[in-house]
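# Per-entry structural report
Listed below, chain by chain, are the residues.
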Amino acid sequence: MENWKTCRECGAALGSDDIAINLKLISRNVTEFFCIDCLAAYYKTTREVIQKRIDYYRASGNCSLFK
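Residues numbered from 1 in each chain as written. Predicted model: local features only at pLDDT ≥ 70, side-chain atom pairs only at ≥ 80, totals over all residues. Heavy atoms only, no water.

### Considering the nonpolar core
Generally speaking, soluble globular proteins have nonpolar side chains that are buried together. The biggest cluster of nonpolar side chains holds 19 residues, and the ones touching the most others in it are C7, L14, I21, F33, I50, I54 and F66. Secondary-structure elements contributing two or more residues to this core are α1 (16–25), α2 (36–42) and α3 (47–60). With residues near it in sequence (within four places) discarded, I50 still touches I21, L25, I36, L39, A40 and T45. (Core = buried A, V, L, I, M, F, W, Y, C linked by side-chain atoms within 4.5 Å. Buried < 20%, exposed > 50% of the residue type's maximum accessible area, 1.4 Å probe, protein only. Helix = DSSP H or I, 4+ residues; strand = E, 2+ residues; numbered from the N terminus. Contact = heavy atoms within 4.5 Å.)

### A short note on α1
Each full turn of the α-helix corresponds to 3.6 residues, which orients residues three or four apart in the same direction. Those residues of α1 lying buried are D18, I19, A20, I21, N22 and L23. In the core, the buried residues of α1 are packed alongside β1 (3–7), β2 (32–33), α2 and α3.

### Regarding the packing of aromatic side chains
Per the counting criterion, the structure on display carries 5 aromatic pairs. On the basis of an interplanar angle of 50 degrees and a centroid distance of 4.7 Å, the ring pair of W4 and F33 is categorised as tilted. On the criterion of sequence distance, the pair formed by W4 in strand β1 and F33 in strand β2 is long-range, its members being 29 residues apart. By relative accessible area, which is 0% here, F33 ends up buried. In this structure an aromatic cluster arises from ring pairing among F34, Y42 and Y43. Here the guanidinium or amino end of K24 rests over the ring plane of Y57, the centre of that ring lying 4.8 Å away. (Phe/Tyr/Trp six-rings, centres within 6.5 Å; stacked < 30°, edge-to-face > 60°. Lys NZ or Arg CZ within 6 Å of the ring centre and 35° of its normal.)

And the structure:
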């Protein structure tokens, strides 16, 4: 069952950046998503690292997920 509204780990509401970075870093085929904080924990990194990656993809203009 697809869940595009809440984090699969903590239940937090998801925004477009949360969904886009999951699709970019995990797979375009995922059906359950992490919020940015839980995604950072999943990859054993920090929220700031994930946010910098989002900013990079948005600034590059090459990724259709971040337009």
